[in-house]
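# A closer look at the structure
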Amino acid sequence: MTQHVYRHGLLMIMPLALLAGSATALGADQDQLERGAYIARTADCTACHTTDEDKPFAGGLAMPTPMGDIYSTNITPDPDTGIGGYSLEEFTRVLREGVARDGHRLYPAMPYTAYTKMPDEDIQALYTWFQEGVEPVHQENRESDIPWPLNMRWPLAVWNWAFVDTGAYEPRDDKSDEWNRGAYLVQGPTHCGTCHTPRGLAMQEKASDDTGKGFLSGADLGGWHAFNITSDHNSGIGGWSDDEVFSYLKTGAAHGKGQAAGPMGEAVEHSLRYMSDEDIRAIVTYLRDVPAVNDGDEMPRYGHEGQGSDASRLRGQDSSDGQHTGENATDGAALYLGNCATCHQADGSGSPDGYYPSLVHNSVVGTSHSDNLTQVILNGVHRANNDGEIFMPAFRDQLSDEQISALASYVQTQFGDPDAKGVDVGRVKEIRDDTP
Ligand code: HEC
Ligand code: HEC
Ligand code: HEC
């Protein structure tokens with residue numbers, strides 16, 4: 001703005017006081033809008049509230065619950081179907097307590113359980129941005145598919161009372177500013193725990209911060225496993241360097257450790273990659289200090305050396321050779337050579353620059369939670385980065401459930417843990433049926 005003014009030489013003809021005055025007024029609003037937009041990114045509101053790229057924040061995303069699907073709502077400033085009528089107080093209440101403007105309680109699929117930690121200034125900036133920075137879209141909300149009487153919302157008040165610790169994050173005196181910033185971001189807006197903290201019988205997260213047992217210790221979600229990311233060396237990410245965690249969060253990849261696909265890929269694409277380096281560093285600092293939870297692992301997921309390369313022994317041989325069929329391991333090897341080796345190399349080492357990652361020293365290959373490997377083969381990887389697109393094709397139309405089971409089992413034992421129990425065909429079918 002200021003530059004614009006200078007360029008047109010307006011400075012010369014405008015009374016200086018007026019210019020200074022209007023520039024501050026505009027500057028303040030603009031700051032508030034930018035801050036709100038940044039917080040919306042950090043909190044990844046778009047993840048659940050945008051279904052159609054052309055209508056950002058108009059809602060309509062189906063979210064499965066054990067009782068039936070519920071739908072995210074229109075949070076554009078449209079006065080009739082969106083949140084144009086919300087006052088700042090009402091908006092604060094919905095983020096802190098999960099109570100909508102008309103008084104009905106939200107299902108905790110809306111992560112107000114984490115957003116409650118946001119300080120008033122952040123909620124205010126977010127409010128300004130949603131009211132003034134987002135295009136209004138007229139689109140009615142969809143009723144949930146949960147049948148009566150389960151769709152009654154009053155029990156949510158009890159749930160809230162039992163499980164939600166309402167109120168803004170309170171900094172700890174015994175920790176640095178960076179640690180506190182990280183703790184706030186992780187527990188609050190970036191809501192890592194929504195996916196990474198195991199849930200109890202009532203679907204509540206077992207811990208909402210590092211003082212509770214099991215915080216960030218890993219959880220299954222919709223056919224993926226969100227890994228244990230506590231500071232434990234073997235079960236968590238205690239063995240990753242600070243730079244590796246930083247790189248993973250900012251770009252979705254850390255060479256020799258892991259890559260982000262599925263829901264984590266989306267978190268990187270829509271939210272984490274836009275965050276400032278300082279904020280990501282603060283998250284890393286805090287994660288280092290999240291109490292270790294060990295699941296009995298003797299080695300980190302990424303630690304496995306694999307068995308070297310029997311694939312290179314197979315190379316040049318006819319894969320239909322009778323000697324190599326009939327046994328799953330061998331079928332797996334042939335399937336690997338035919339479908340994967342062009343990018344990941346016959347010995348699984350990937351490309352030197354890591355664009356095609358090594359499958360040796362790779363958490364998705366080395367882990368005993370095989371769902372993520374199955375997902376990646378069935379549905380591929382697609383993630384936008386600050387430097388471009390990351391793409392691995394989906395194999396769901398090329399490979400049968402039996403083939404994926406054989407291939408994944410081969411990849412696990414060859415490049416990961418030689419004693420891995422393999423990937424069950426039935427589970428491949430389930431994941432195939434559950435994903436588009
Ligand atoms: C993980 C998914 C998810 C994320 C992320 C999410 N929401 Fe929601 N939100 C939902 C769902 C689902 C509902 C509807 C819940 C219900 O019907 O009980 C909802 C409802 C709401 C409502 C109530 C609107 C109404 O109908 O009156 C508001 C306001 C809202 N969200 C704002 C936000 C903001 C702001 C963010 C980011 C800071 C955000 N949401 C992030 C899932 C999400
Ligand atoms: C929407 C759900 C979701 C959210 C939110 C989320 N994660 Fe993840 N995360 C996952 C899933 C699923 C994986 C496994 C991804 C894969 O295998 O490609 C994962 C993987 C990771 C890994 C890699 C672990 C390994 O050993 O390979 C790290 C580190 C991580 N997440 C950190 C975070 C942090 C920090 C946050 C919050 C800033 C966060 N995640 C938020 C779902 C999520
Ligand atoms: C056209 C090249 C290409 C082919 C063919 C290919 N991949 Fe990939 N693969 C990639 C890329 C690119 C990534 C993502 C790297 C990233 O996330 O930074 C990837 C990632 C992976 C990952 C890590 C995913 C995660 O979430 O950590 C695994 C495991 C994997 N591929 C296995 C396979 C298997 C098995 C096959 C054969 C069915 C295969 N790939 C075929 C390019 C390919």
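Residues numbered from 1 in each chain as written. Chains lettered and ligands numbered in written order. Predicted model: local features only at pLDDT ≥ 70, side-chain atom pairs only at ≥ 80, totals over all residues. Heavy atoms only, no water.

For the record, the criterion: UniProt positions are given in the numbering used here, feature names are shortened, and annotations may be inferred rather than shown by experiment.
Per an unreviewed UniProt entry, the protein goes by the name Cytochrome c subunit II and belongs to Kushneria pakistanensis. Its UniProt record gives the protein the following Subcellular location (unreviewed entry) comment, quoted word for word: "Cell membrane".

### Here we look at the coordination of the iron atom of ligand 3
Note the threshold: Note on donors: an N, O or S atom is included if it sits within 2.8 Å of the metal, or within 3.2 Å for Na, K and Ca, and water is never included, so sites can look incomplete. A four-donor site is called tetrahedral if each angle lies between 85 and 135 degrees; a four-donor site is square planar, and a six-donor site octahedral, when trans pairs exceed 155 degrees and the remaining angles lie between 65 and 115; all other cases are labelled irregular. For helices the rule is a DSSP run of H or I covering at least 4 residues; for strands it is a run of E covering at least 2, with both sets numbered from the N terminus onward. Type-normalised accessible area, obtained with a 1.4 Å probe on protein chains alone, sets the label of each residue: buried when under 20%, exposed when over 50%, and partly exposed for intermediate values.
For the iron atom of ligand 3, the protein coordination sphere consists of His344 (NE2) and Met392 (SD), at 2.0 to 2.2 Å. Classification of the site at the iron atom of ligand 3 as octahedral follows from its six donor atoms and the range of 88 to 179° in their angles at the metal. Separated by 48 residues along the polypeptide, His344 in helix H16 (residues 341–344) and Met392 in strand S8 (residues 388–392) bring together distant segments of the chain. Owing to a relative accessible area of 10%, His344 belongs among the buried residues under this scheme.

### Focus: a nonpolar patch on the surface
As a reminder, the rule being used: Candidates for patches are residues over 30% relative accessible area with no salt bridge; among them, like charges are joined within 9 Å and nonpolar side chains (Val, Leu, Ile, Met, Phe, Trp, Tyr) within 5 Å. For every accessible area listed, the method is Shrake-Rupley and the probe measures 1.4 Å; residues are considered covered only by the protein chains on display. Whenever Lys or Arg places a side-chain nitrogen within 4 Å of a carboxyl oxygen from Asp or Glu, that contact is recorded as a salt bridge.
A cluster of nonpolar side chains, contributed by Trp148, Met152, Trp154, Val158 and Trp161, occupies part of the molecular surface with about 720 Å² of accessible area. Considering the arrangement of structural elements, one finds Trp161 in helix H8 (residues 155–163). Exposure remark for Trp161: the relative accessible area of 73% places this residue in the exposed category.

### Notes on the coordination of the iron atom of ligand 1
Within the protein, the atoms that donate to the iron atom of ligand 1 are His49 (NE2) and Met110 (SD), at distances of 2.0 to 2.2 Å. For the iron atom of ligand 1, the six donor atoms in the first shell make angles of 88 to 180° at the metal, so the coordination geometry reads as octahedral. Of the two residues, His49 sits in helix H4 (residues 45–49) while Met110 sits in the loop between helix H5 (88–97) and helix H6 (112–115), which places them 61 residues apart along the sequence. In this structure Met110 comes out as buried when scored by relative accessible area, which is 19%.

### Here we look at the packing of helix H11 (residues 242–251) against helix H13 (residues 277–287)
Worth spelling out the cut-off: Axis definition: a line fitted to C-alpha atoms, over the contacting stretch in the case of helices. Angles run 0 to 180 degrees between N-to-C directions. The scheme is simple: roughly parallel for angles under 35 degrees, roughly antiparallel for over 145, roughly perpendicular for 65 to 115, oblique for anything else. For any pair of crossing helices, the crossing counts as left-handed if the nearer helix is rotated counterclockwise from the farther one by less than a right angle, and right-handed if it is rotated clockwise. Only heavy atoms matter for contacts: two residues are in contact if any of them lie within 4.5 Å across the pair.
With their axes 9 Å apart at the nearest point, H11 and H13 run at an angle of 125° to one another. Between H11 and H13, the interaxial angle falls into the category oblique. Along this stretch, H11 crosses H13, giving a crossing that reads as right-handed. In contact with Asp242, Asp243, Val245, Phe246, Leu249 and Lys250 of H11, H13 contributes Asp277, Ile280, Arg281, Ile283, Val284 and Leu287.

### Thoughts on the site of ligand 3
As a reminder, the rule being used: The nearness test applies per residue and asks whether one of its heavy atoms lies within 4 Å of the molecule or strand. Any pair of N or O atoms that falls within 3.5 Å is considered a polar contact. Within protein, one atom must be able to donate a hydrogen and the other to accept it, and sequence-neighbouring residues count only if both atoms are side-chain atoms.
Not every one of the 25 residues close to ligand 3 is listed here, only the nearest: Cys340, Cys343, His344, Arg383 and Met392. At 2.8 Å, a side-chain N or O of His344 approaches a nitrogen atom of ligand 3. Contact distances for ligand 3 include 2.9 Å between an oxygen atom and a side-chain N or O atom of Arg383. Contributions of two or more residues to the shell around ligand 3 are made by H16, helix H17 (363–366), helix H18 (371–379), S8 and helix H19 (401–415).

### Quick word on the side chain of Gln412
The topology assignment puts Gln412 in helix H19. Its relative accessible area of 2% is what places Gln412 among the buried residues.

### Points about the nonpolar core
The test is simple: For our purposes a nonpolar core is just a set of buried Ala, Val, Leu, Ile, Met, Phe, Trp, Tyr and Cys residues, chained together by side-chain atoms within 4.5 Å. Where each domain starts and ends follows an automatic or database-derived domain assignment.
Within the largest apolar cluster, 57 residues are counted, with the highest numbers of intra-cluster contacts made by Phe91, Leu95, Met118, Leu126, Phe130, Leu216 and Leu249. Within the residue set of this core, elements represented by two or more residues are helix H3 (16–42), H5, H6, helix H7 (120–132), helix H9 (177–187), H11, helix H12 (262–270) and H13. There are two domains that each give this core at least three residues, and those are domain 1 (1–141 + 150–167) and domain 2 (169–298). Apart from the residues lying within four places of it in its own chain, the contact partners of Leu249 are Met264, Val268, Leu272, Arg273, Ile280, Ile283 and Val284. Among the nonpolar cores identified, the runner-up in size contains 25 residues, and Phe227, Ala341, Tyr410 and Val411 belong to it.

### Points about the site of ligand 2
Rules: Note on residue categories: nonpolar means Ala, Val, Leu, Ile, Met, Phe, Trp, Tyr, Cys or Pro, charged means Asp, Glu, Lys or Arg, and polar means any other residue, Gly included.
Taken together, 24 residues lie around ligand 2, and Cys192, Cys195, His196, Met264 and Ser363 are the ones closest in. At 2.5 Å, a side-chain N or O of Ser363 approaches an oxygen atom of ligand 2. If you list the elements that add at least two residues to the shell around ligand 2, you get helix H10 (192–196), strand S4 (224–226), H11, H12 and H17. For the shell around ligand 2, the per-class residue count stands at 16 nonpolar, seven polar and one charged. Counting contributing residues, the shell around ligand 2 receives three or more from each of domain 2 (169–298) and domain 3 (304–434).

### As for the environment of Leu150
Mapped onto the fold, Leu150 is located in the loop between H7 and H8. The partly exposed category is assigned to Leu150, whose relative accessible area is 46%. Residues Leu150 and Met67 lie 83 residues apart in sequence; the distance between their C-alpha atoms is 7.4 Å. If we ignore the near neighbours within four places in the chain, the residues touching Leu150 are Met67 and Tyr107.

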